[in-house]
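# Descriptive structure summary
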Amino acid sequence: MQDGIVIFKAIENFCMSVLNGVLVSICAAILYKIFNKIINYILVRNAQFNLNGIWINRHTNFAEEDIIELVWIVQKKNNEIKIRIDQYKKGMIRKFAGCGIIKANKISLYYYAIDKQSTQTGTMALEIEDDGKGEMWLQGVYFEISKAENIQSGSFPHSYYQLKRLKMSKSEMLLYVLKKKYFASFQSLCKYLKEKENG
C-alpha cells in the first residue's frame with residue numbers, strides 16, 4: 001500500500017513538472033510575441049521617415065535593357081504604402097501599381113503590371129538608408145516573374161536596386177501625378193533629368 005502511494009506521488013510530481021514546463025513555454029512564447037510587437041511599434045513611431053513623393057531608379061533589367069523607373073510613393077498613417085511605377089525604356093513605357101508595408105526601417109512590397117494583357121508581377125525588399133545629413137535613399141533587391149516574357153527571378157547584391165528622391169517642384173509633381181504620360185518617352189525623361197543635373 002505504501003509503495004503504491006509513493007509511486008502515485010512520483011507520477012503526480014512528474015505530471016506537475018511537465019505541466020509547469022508546458023505553461024512556462026506557452027507564457028514565454030506569448031511574452032516574446034508581445035515584446036516584439038512593442039519593440040517594432042516603438043521603432044516605427046520613432047522613425048521619422050517621410051517617403052511621400054517621386055523616387056527614381058536607373059538599372060539594367062534581366063534582358064540587359066537600360067531602364068529608368070519613376071516610383072510614386074504614398075505613405076499612409078498605418079505604415080502602409082501605395083506605389084505607382086512608371087518604367088521607361090527605349091520605345092516603351094510600362095506602368096505598375098502595388099502596395100507594401102514599413103517595419104522599422106524596412107519595406108516589403110509587391111507590384112503588378114496595370115496592363116491586363118501582361119502577367120508580370122514582382123516583389124521588393126528595401127531598407128531605408130540615411131547618411132545622417134538629411135539625405136535618404138532606399139536600397140535592396142527585387143524579384144519578378146513574367147511567363148509571357150519568359151522571365152524568371154533574379155539574384156543581385158543587396159544594393160542592386162536603389163531609389164533616390166527626385167526633387168520636383170510642386171507644379172511639376174502635380175502635373176506628373178495627374179497626367180498619365182507626363183514624360184512622353186525614355187528620351188524626354190533623359191533630357192529632363194540632364195537639365196535637372198545641369199541646374
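These numbers were taken from a predicted model, which means no experiment stands behind them. Every residue gets a number counted from 1 within its own chain, in the order that chain's sequence is written. Local features in this predicted model are restricted to residues whose pLDDT is 70 or higher, and side-chain atom pairs enter the listing and the counts only when it is 80 or higher, whereas totals over whole chains, interfaces and linings include all residues. Remark: hydrogens and water are excluded; side-chain values derive from all non-hydrogen atoms of the structure.

## Details of unusual backbone geometry
Of note in the backbone geometry, Ala-104 takes a positive phi value of approximately 55° without being a glycine. Categorising residues by exposure relies on relative accessible area from a 1.4 Å probe, with only protein chains included: less than 20% of the type maximum marks a residue as buried, more than 50% marks it as exposed, and the intermediate range marks it as partly exposed. Using a relative accessible area of 17% as the deciding quantity, one classes Ala-104 as buried.

## Brief notes about a nonpolar patch on the surface
Patches here: salt-bridge-free residues with over 30% relative accessible area, like charges joined within 9 Å, nonpolar side chains (Val, Leu, Ile, Met, Phe, Trp, Tyr) joined within 5 Å. Using a 1.4 Å probe, the Shrake-Rupley method yields the accessible areas, and only the shown protein chains count as cover for residues. Salt bridges, as used here, are contacts in which a Lys or Arg side-chain nitrogen is within 4 Å of a carboxyl oxygen on Asp or Glu. Together, Val-22, Ile-26, Ile-30, Leu-31 and Ile-34 give the surface a local cluster of nonpolar side chains, amounting to about 450 Å² of exposed area. Put simply, DSSP marks the helices as runs of H or I at least four residues long and the strands as runs of E at least two long, and each gets a number from the N terminus on. Looking at the element boundaries, Ile-26 is found in helix α1 (residues 2-46). Overall, Ile-26 belongs to the partly exposed group, its relative accessible area being 46%.

## Points about the confidence of the model for the protein chain
For the protein chain, the average pLDDT comes to 79, and 76% of its residues sit at 70 or higher. Of all secondary-structure elements in the protein chain, the lowest mean pLDDT belongs to strand β8 (residues 151-152), at 50, while strand β3 (residues 80-89) reaches the highest, 94. For every residue, the pLDDT score states the predictor's confidence, bounded by 0 at the bottom and 100 at the top.

## What about the pattern of salt bridges?
A side chain with one charge may pair with a side chain of the opposite charge, provided their charged atoms come close. With the rule as written, the count across this model stands at six salt bridges. We note a salt bridge from Lys-106 to Glu-127, for which the minimum N-O separation is 3.4 Å. Note that Lys-106 is positioned in strand β5 (residues 106-113) and Glu-127 in strand β6 (residues 121-130), a separation of 21 residues in sequence. Owing to a relative accessible area of 21%, Glu-127 belongs among the partly exposed residues under this scheme. Here Lys-196 and Glu-172 are joined by a salt bridge, their closest N and O atoms 3.8 Å apart. Separated by 24 residues along the polypeptide, Lys-196 in helix α3 (residues 186-197) and Glu-172 in helix α2 (residues 170-178) bring together distant segments of the chain. Look at the salt bridges and you will find they share partners, linking Arg-84, Asp-86 and Lys-95 into a network.

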